Each structure stands twice: as C-alpha cells, then as structure tokens.
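Structural description and commentary
Now for the letters of each chain:
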Amino acid sequence: MATVYIPPALRDLTGGVETVEATGHTVRAILADLEPRYPGLTARLCTDDVLRPGLMVAVAGSMSKLGLRTPVPENAEVHFLPALGGG
Amino acid sequence: MRQHALVNHRRPKNEDRTLIGLPVAERQGYLQRIRTMATSEKRKYKVIGTRPIRHDGVDKVTGRAQYGADVRLTGMLHGVVLRSPHAHAKIKSIDTSAAAALPGVRAIVTSADFPDQVGRIVELGEGAVNMRHLSANVMAHDKALYKGHAVAAVAADSIHIAEEAAKLIKVDYEPLPPVMEVIGAMRDDAPVLNDDVRMTEMGTVKPDAKASNVAAKFLFTKGDVNAGFAKADIIIEREFRTATVHQGYIEPHNATVLWNADGKVTVWISTQGTFSVRQQTAELVGIPVSDVKVIPMEIGGGFGGKISVYLPPVAAILSRKTGKPVQLLMDRAAVFEATGPTPGSFMRVKVGATRDGKIVAGDAWIAFEAGAFPGSPIAPGCMCVFSCYDIPDARVEGYDVCVNKPRSNAYRAPGSTQVAFAMETVVDEICEKLGVDAAEFRIKNAAKEGTRRVDGPVYNRIGMLETVEAIRDSEHYQSKLTGPNRGRGIATGFWFNAGLKSAVVATVNLDGTVSLIEGSTDIGGSRTGIAMQLAETLGITAEAVKPQVADTDSIGYTDVTGGSRVTFATGIAAVNAAKEIQQQMVERAALLWEVDASTVKYDDGKIIGPASKSFTFAELAAKIHEVGGAIIGHGTSSAAEQGGAFGTHCVDVEVDPDTGKVQILRYTIAQDAGTAIHPSYVEGQMQGGVVQGIGWALNEEYFYDDKGVMRNATFLDYRIPTCYDVPMIETIIVEVPDPAHPYGVRGVGEVPICPPPAAIANAIHAAVGVRMRDLPMSPPKVCAAILQK
C-alpha cells in the first residue's frame, strides 16, 4: 500500500485530507485506484494520458522522469511536485 | 567523510596581493594551511581524486579553441537583430521596404516568417515550455514586452550593411505603461502583459480566471503551521527584496546556421545543450528534429543562461531565405537586455524557535519576476526556502509574475539564492536574539537523512550537517576577527541537483588509449571529469582517454549541461561504457589465449587469465584486431536521480562606515561534493559560485529608468566582481558519497552561489549592526542603513 501526498491545491478533492492510501505498482495504477474515491483527481494531474506539463512525480524520495509509468514499490510515498530545472 | 583543506590555485597573483596585505601572523597561517592541504589528500582511487591537466587546456590557453564567433563559412552572411526601444508597446506595423532596398541586404525576417505556435506545450528536457511564448520571445509578435525584445532581423553581405539596414526598418509602436516590479504587477489594476496568461495552480486554471500577470501559484504545507508558531518562544518575520541580476557569462550568445538546399539545417552555437537547441529550433521553424544538426562550439560560460534559444531560429529563417549560412552575434547590451536574467523578488519569511534553539515553524510568501513570459524558478524557490532545516510545521506560498523585463532564465541553483538570502538572514537574527552560536544553531536544526521537506519528499543521505560542522571546525571560524567595523557571518544553502539523460561512446585504440565521445557540452571541465571516471573504471590513466563533445548526429540524446548533472549522470554513462569495454576485452583475451571467457577476468586495468596469463590494457589493445573488430563501449544514464547538495559559507567583511563599501576580508566555503572526481574543478566551481554570489550580494543589479529602460547594460556599469574585489576563496571539500552514483558523486556547480548574499548580510550586521534585507547591498544602501541606525 502506497501513501500518496495530495498537493494543497488538490485537497478540495479529498476533503482536505493530506495523505491517502492506494494500491498499484505504477503511478498510473495508483491514480486509477484513487479516482473512484476522489473523482477528478486524475484530470487535475494528467492530460492526454500523461502528467500535466510542469508536473513531475517523486516516488520513494526520488524524482522520476517516467511520469505515470514510474514503478511504485510497496509502502512507498508518492508526491506530485512542480518540475524543476537547473542552471 | 574526508576533507580537503584550504585551497586556492586559481589566482596566484591575487593570492600574492592578498597575502601581502595580511599581517605576518595571518600570512604564515595561510601558508601553513596550503601546506596542510598538500599533504592531507589521501586517495581511495587511482584516478579519481587526482588533478590531471585538462584535456582541452592547451587549446584554451593558446587561443586555438574554437568558439561560436570564430565560425567562418564560405558565403556566410552577417545578421543584425532590430530590438524594441520600448519596454512595453503594441507593434502596429513593420515596414521593411527601405531596408530591403539597401544594396547588400539579402533577407529580412519578422515574426510573420515564423510558424504559428498556438499554445503548444513542449517538453524540452529540463522542463515544459509554452511554444507560443518561446516563439514570441525569439521574435516579438504583436507586442514588445521588454526593452531589447527582438522585432526584426536582417542578413546582409557585411555586418555594417546589416546594421545600416536595421536602422531603415520602420516599426510603428504604440507605447504602453511598463510594469517593472513584482508586487505592482500583481495588482488587479496593473497593465496585463500577455492576454493568454491566467493563473495556474498545479497545472490547472480556474474556469473564471481572467488574464493576469500572475502566471502561477504554488503552495506547500507541512503539518500545522499555526500550531507550530504557538510553540515558539521567539518569532522573527522580515521582508526581503532582491534585484534582477544576470548570469554574466563572458561570451555573448551566438549562432551560425546553414539551411541547406536539401532542407537540412546545421547550427554552430555556444550552448549548454545541443539536443535542446535542436528541438527548440526545429519546433520554432516547423521542421522535424532529425533535419537539424547542432554542432557545439566551445562555451565561454553559461550558468543556466545558455539553454533557451534566441538566435538559431532567426538565423535559420534568414538562411532559408538566402540559401547561405547566416551568423548572428549578440553584443553585451543585447545579452543584458534580451537574455538571461534571474528574477528580482519580494519575499516575506517568518520563523519561530524555542528558547533552547529549536526551529518549530516556518512560513514564507514569495513572488518572483518571471520577466515577459511565465516561467520564473518560483517553484524551486519555494521548495528550497526551508530545505536546510528540519522544521516540523511549515507553509510556503509562491507566485510567478510577469513584468516588462527579459524572460527570466536559470541561473545556478535557480530560485535558491534569493530564498537563502531571506531565510538565512532570519536564522541569523534568531541566533542573535537567542544568544546562540550560529553554527551550533544550524547543526541543531540541520536537515538530515529522514527529514521531510516542506514540499513532501524525505531526504536520502545528505551532507548538510557535515558542511556546517566543517565550517564550525575550520581554522577560519575558530579564529578571532579583530578590528573596527569588521564582522563575520555564516550561511548555508541547498540545491536539488538533477539526473536526467546522458549518452557516451568509447572506442579502444590500438595504442591503448580510449576515444570518448559524449553529448554533454563542457562548461567547467567536465570532459576531464568524465574521462577520469572512464579511466578509473578501466584502470588506465586519465591521459589515456581522449574525450570530445560531439554534435547531435554523432551521439545519443543527452540532456543539457545544467542542474549540476554532468559529472553525475554522464559519469554514470561513462562507467557503464567502461564496463562494456571490460567485458569485450575479456572476450578478446579469451580468444587470443584460446580459453573459455569464464576463466578470464578484468582486474584494475589488467586482463588476467588461467595459468598466470595476463595482459595490460595497452598490451591487449594492440592485439584486439587479431581476433575481431573495434571494441566500442556504449553507456547511457537516465534513471538515476541525485540526492541534494549543501554548502555552508563563512565570510569576514570590513565595512567603511563613511562610504558603505563592503570589503571581503576572508571567505571559506565548505561543500558536500559526494566524491570529488577532480578536486581542482570542484574547488573551481565552489570559488566561482562564491564570486558570483558576492557580485549578487554587493553590486549587481539591473538599473531601470521610469520608462523601463535598462541604464547599465555594459560591464562597465553592471559591475561583476573582478580579482581586485575578492580575496582567496578557501575551500573545504566535504565528501558524503551519493549512493545513487557508483563513485558517490554529487553535483557541485550550483549550490555554491546560494549562501553568499546571506553570509555577507550577516557579516555586515556583525560589523556595523545593521540588517540588510535588500539586494544588492551596494554602498549607498549600506551607508543609508548605517545613517538610519
């Protein structure tokens, strides 16, 4: 069971709840598990079946460029964050 | 953990000058520290940790290295870009007829020559970009959004004809009021720059959102910030402003482009990312990426400012129109007015701590100037502001705001220097109020493995604590600072560092050397750093590797040289290529010895077989063609992501109370490099970052008049530090290996710029008792603060 951290801007969908539990081996599967409980969450995070531009996902403490395909280990934390660029 | 002691190899003349100015006792102490350095470096590896001469050194010091402006092609035309004299204006019409009639003029372009980009969002390696905005930045569409915004361009037989022709282009402007300051731009009644910009939050726009200068809002929370502040015995809340500053690379932007008759486009350019230039150019002129080849020239500095394209699409369209190669070169004014800068900012930071020196809550409100189009580094700024500390309850709110300045771009740890200035100044004030040592306070509150950041993720192994301890234990921090108007300050900083994608190809030569081709453009000596990792893995010398940076048709996709990623990620690719070579060398030795490959092993540069058979790498390399073709190792890196990098700085200053001038007396930086591949390059990055941070702290700023015109767009008036302004920058390399890299590398290029403004502000306070919260802390401001004390 993964722990998904809901960004403050999306907590209107979760009744203000900061973290939710979800099952799935990828970020896509995690969102599919959450969508029935929190309708609209996937649409707020994704467009055209990929993460929205400017967003990225961090799983188990590491930023991933794999987006929805990112593997999610058992009991990992999942965070949706702004994408970063360096100089 | 290992520490290199104090080093300054870069400026012996300056070092001598500084030493001569020191009292005898201090001079002897410094020389003793240099000697300590020479004997204290113990090496775990054979190549890593040594200081070989850089492979590109001879060409650089003899002037033979080829930069973008050195490109000369048969029939090459010279181009000039006409730029807006207004900071904010509608473009009602452009008449190019007089310019086109000038003899020697070959082509003129305006935005009408570029494909309509609508509002497509394209992933460009280091982030998603709105192509309509990128296109409008390369060549203004219906509005000029900053002084210097490109409006048209001319290609002619000579640069002089092109300059004359540009003057003949008639642009009918309708000037609009400029919006130059972030808070003013956020007001409801502020003139709106872009009618397609609406505030987004986590990628979504509210249905009723109106066009606005506020392009994005970010919010991060951790715990209950109000409950956290309720536990505090002391709360400090302060406001800060930082000026717009430029990366200040010495080499201006340049591009030479040939649009060939077969439709293939070749770009010669100084860039931090050839593949990014390829994609941006292809997207902006509307051709497939495979039709564009980008050839990287040597690069005279970038610091984040040479990732976005400005000139290649313009030169490409000019070349398409003329059938000839076209070269565009910026002058310094264009570089200042139309490229770069890092955002000016307004920040409010509030921190609460208990009487015993534990931070219990933090709250920050941050607004960054994005420039003409959205995209400031406000998100990383928000994510960095509390990143050095373990704070149980925190909240950060940030805004990306358009103003009539050049579109902002990355600059070493983008966003982190601004917020470090605010946070570390507040931390220093808390230490002052509580009467605790600034280093011990940071040690007590340091983020460490397991600490959850305000943006959510938990740190893996990091070296924040170790860098503060290194400063605390340094001779500098332990020494006594005496004299009037002198003070000492410390500050710390954080940057994420990136992984991203890299590719290399390595080929074994018959003489035992290895040719290494990589896609990472080399800004800071990375060719040698990558070659050393290949050499270490193969068990050969760094000099036996011949690295070169290749064009986009000659190497696999490689992300930009940015995010402090090259030594980490391209290094991993080189290690992987070396492992492929090891395997092939084992197989060749087995064929030569007529034994099973399973009985052969590769060990530290030797290939060892049964019955005491062995080859050195060079011996086997000479024989590989007896039993096969070329041995080529391929390596890529894409999955690995770095842990963060931290640095802690200590600075002594003397303030002239009559003029407000701040003199840096002594500066020491301790930084976690994971594992220092080439210590001289690590030290160079640390020292260079500090010097840029000193400039940001004390002198650098864009001066605008009331019409939004920059009045100091030269290096004479935009004052970056020179060797006469800075003393030796003493370095302490802390090594807390990053487990994500086979040798433990952490990127070092960005984080050293983060702490200097705060460290210097804290030192100024210690010297003369005034708190500076407005960058730059230039003499007039310091003088005014002293007078108001």
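Conventions adopted
- Residues numbered from 1 in each chain as written.
- Chains lettered and ligands numbered in written order.
- Predicted model: local features only at pLDDT ≥ 70, side-chain atom pairs only at ≥ 80, totals over all residues.
- Helix = DSSP H or I, 4+ residues; strand = E, 2+ residues; numbered from the N terminus.
- Rg over C-alpha atoms; globule rule 2.2 N^0.38 Å.
- Buried ≥ 20, exposed ≤ 12 C-beta atoms within 10 Å, placed from the backbone.
- Contact = placed C-beta atoms within 7 Å.
- Pairing = 2+ DSSP bridges.
- Right-handed = clockwise from strand over helix to strand, strands pointing away.
- Nonpolar A, V, L, I, M, F, W, Y, C, P; charged D, E, K, R; others polar.
- Axes fitted to C-alpha atoms, helices over the stretch in contact; angles between N-to-C directions.
- Left-handed = near helix turned anticlockwise from the far one by under 90°.
- Expected span 1.5 Å × (residues − 1).
- pLDDT = per-residue confidence, 0-100.
- Parallel < 35°, antiparallel > 145°, perpendicular 65-115°, else oblique.
- Core = buried A, V, L, I, M, F, W, Y, C linked by C-beta atoms within 7 Å.

1. Let's talk about the overall build of chain B
- Secondary structure assignment for chain B yields 22 helices and 30 strands.
- Relative to its length of 789 residues, chain B is compact, with a C-alpha radius of gyration of 27 Å against a globular reference of 28 Å.
- Its C-alpha atoms give chain B principal-axis dimensions of roughly 85 × 75 × 55 Å.
- Counting the 789 residues in chain B, one finds 60% classified as buried.
- Long-range pairs, those at least 24 residues apart, make up 80% of the contacts in chain B with a sequence separation of at least 6.

2. A short note on the overall build of chain A
- Of regular secondary structure, chain A possesses two helices and seven strands.
- Taken from N to C terminus, the helices and strands of chain A fall in the order β-β-α-α-β-β-β-β-β.
- For 87 residues, the compact-globule estimate of 2.2 N^0.38 gives 12 Å, and chain A sits close to it at 12 Å.
- Here the C-alpha coordinates of chain A stretch approximately 40 × 25 × 25 Å along the principal axes.
- Counting only residues that meet the buried cut, chain A has 40% of its 87 residues in that class.
- Long-range contacts, defined here as pairs at least 24 residues apart, represent 43% of the contacts in chain A between residues at least 6 apart.

3. Remarks on the pairing of strand 15 (residues 292-296) of chain B
All names here are of chain B.
- Of all five residues making up strand 15, four are buried, and the element is well covered by its neighbours.
- Looking at chain direction, strand 14 (residues 265-269) and strand 15 are connected through five bridges and run parallel. Bridging from a neighbouring strand, Val-265 pairs with Val-292 of strand 15.
- For the handedness criterion, the β-α-β arrangement of strand 14, helix 9 (residues 274-285) and strand 15 is classed as right-handed.

4. Things to note about the interface of chain A and chain B
- Opposite the 23 residues of chain A that make contact, chain B presents 35 residues.
- Mapped onto the side of chain A that touches chain B, the elements with two or more residues apiece are strand 5 (55-59), strand 6 (62-64) and strand 7 (77-82) of chain A.
- A total of four residues in the side of chain A that touches chain B trace back to one element, the largest contributor, which is strand 7 of chain A.
- Class assignment of the residues belonging to the side of chain A that touches chain B gives a composition of 13 nonpolar, seven polar and three charged.

5. So, the packing of helix 17 (residues 526-538) of chain B against helix 18 (residues 566-593) of chain B
Residue and element names in this part refer to chain B.
- In contact at an axis separation of 8 Å, helix 17 and helix 18 are set at 35 degrees when each is read in the N-to-C sense. In the crossing of helix 17 with helix 18, the sense of the turn from one axis to the other is right-handed. For the pair formed by helix 17 and helix 18, the contact residues are Ser-526, Gly-529, Ile-530, Gln-533, Leu-534, Thr-537 and Leu-538 on the first element and Val-566, Thr-567, Thr-570, Gly-571, Ala-574, Val-575, Ala-577, Ala-578, Lys-579, Ile-581 and Gln-582 on the second.
- Considering only residue class, the contact of helix 17 with helix 18 consists of nine nonpolar, eight polar and one charged.

6. A closer look at the sheet that holds strand 2 (residues 89-95) of chain B
- Strand order in the open sheet formed by three strands is 6-2-8 (chain B), and the pairing between neighbours is antiparallel. Each end of this open sheet is capped by a strand with a single partner; those strands are strand 6 (143-144) and strand 8 (170-175) of chain B.

7. A short note on helix 18 of chain B
- The end-to-end C-alpha distance of helix 18 of chain B, which contains 28 residues, comes to 39 Å, matching closely the 40 Å that a straight helix rising 1.5 Å per residue would cover.
- One or two residues past the end of helix 18 of chain B sits Glu-594 of chain B, with phi positive at roughly 60 degrees.

8. Brief notes about the pairing of strand 29 (residues 662-672) of chain B
Residue and element names in this part refer to chain B.
- Where burial is concerned, most of strand 29 is hidden: ten out of the eleven residues are buried.
- Looking at chain direction, strand 28 (residues 645-655) and strand 29 are connected through nine bridges and run antiparallel. Opposite Gly-647, over in strand 29, you have Gln-671 as the bridge partner.
- Linking two consecutive strands that pair antiparallel, namely strand 28 and strand 29, is a turn of six residues; a positive phi of about 80 degrees is found at Gly-660 within it.

9. Regarding the sheet that holds strand 27 (residues 632-637) of chain B
Residues and elements named next belong to chain B.
- Pairing within the open sheet is mixed, and its four strands lie in the order 23-22-21-27. At either margin of the open sheet sits one strand with a lone partner, and together these are strand 23 (545-549) and strand 27. On average, each strand axis in the sheet is tilted by 20 degrees relative to the strand beside it, whichever way the strands run.
- Bridge count for strand 22 (residues 514-518) against strand 23 is five bridges, and the pairing is parallel. Following the sheet pairing, Leu-516 is matched in strand 23 by Pro-547.
- In the packing of helix 17 onto the sheet, the strands contacted are strand 21 (502-508), strand 22 and strand 23, and the crossing angle to strand 23 comes to about 140 degrees.
- Against the sheet, helix 18 touches strand 21, strand 22 and strand 27, its axis set at about 145 degrees to strand 27.

10. Quick look at the confidence of the model for chain A
- Looking at chain A, pLDDT values average 94 and 100% of them are 70 or higher.
- Averaged over each element, pLDDT in chain A is lowest for strand 6 of chain A (88) and highest for helix 1 (residues 27-34) of chain A (98).

11. Some points on helix 21 (residues 756-768) of chain B
Residues and elements named next belong to chain B.
- For helix 21, with 13 residues, the first-to-last C-alpha span of 18 Å sits near the 18 Å given by 1.5 Å per residue.
- Across the 13 residues that make up helix 21, a large majority, 13, are buried.
- Looking one or two residues beyond helix 21, the residue adopting positive phi is Gly-769, at roughly 80 degrees.

12. Some details on the environment of Asn-194 of chain B
Residue and element names in this part refer to chain B.
- Tracing the chain through its elements places Asn-194 in the loop between helix 7 (182-186) and strand 9 (200-201).
- On the basis of neighbour counts, which here come to 20 C-beta atoms within 10 Å, the residue Asn-194 falls in the buried class.
- Separated by 292 residues in sequence, Asn-194 and Arg-486 have C-alpha atoms that sit 48 Å apart.
- Sequence-distant contacts of Asn-194, defined by excluding residues within four places in its chain, comprise Phe-373 and Cys-402.

13. Observations concerning the packing of helix 9 of chain B against helix 10 (residues 312-322) of chain B
Residues and elements named next belong to chain B.
- In the contact formed by helix 9 and helix 10, the axes pass within 9 Å of each other and the chain directions differ by 50 degrees. The pairing of helix 9 with helix 10 is recorded here as oblique in orientation. In the crossing of helix 9 with helix 10, the sense of the turn from one axis to the other is right-handed. In this structure, helix 9 uses Val-277, Thr-281, Leu-284 and Val-285 to contact helix 10, whose residues at the interface are Pro-312, Pro-313, Ala-316 and Ile-317.
- Here the contact of helix 9 with helix 10 is built from residues that sort into seven nonpolar, one polar and no charged.

14. Some details on the environment of Phe-240 of chain B
All names here are of chain B.
- In this structure, Phe-240 sits in strand 12 (residues 234-242).
- Overall, Phe-240 belongs to the buried group, with 24 C-beta atoms counted inside 10 Å.
- Those residues in contact with Phe-240, other than ones at most four positions away along the chain, are Met-347, Phe-421, Ala-422 and Arg-773.

15. Topic: unusual backbone geometry
- The omega torsion of the bond from Leu-775 of chain B to Pro-776 of chain B falls at 0 degrees, within 30 degrees of zero and hence cis.
- Even without a glycine there, the phi angle at Asp-49 of chain A is positive, about 65 degrees.
- Of note, Asn-497 of chain B is a non-glycine position whose phi angle comes to about 70 degrees, a positive value.
- Assessed through the 28 C-beta atoms surrounding it within 10 Å, Asn-497 of chain B is described here as buried.

16. Structural notes on the confidence of the model for chain B
- Averaged over every residue, the pLDDT of chain B is 93; the share at 70 or more is 94%.
- Overall, residues 1-42 of chain B carries pLDDT values under 50, and its contacts beyond four positions in sequence, including any with other chains, amount to 45 contacts.

17. Here's the deal with the nonpolar core
All names here are of chain B.
- Of all hydrophobic cores here, the largest spans 271 residues; its most connected members are Val-154, Val-314, Val-401, Leu-534, Ile-760 and Ile-764.
- The greatest single-element share of this core, amounting to twelve residues, is contributed by helix 18.
- When sequence neighbours within four positions are dropped, the list of residues in contact with Ile-760 reads Gly-489, Val-651, Val-653, Val-662, Ile-694, Ala-697, Leu-698 and Met-777.
- Ranked by size, the runner-up nonpolar core spans six residues in total, among them Phe-303, Ala-410, Tyr-411 and Val-560.

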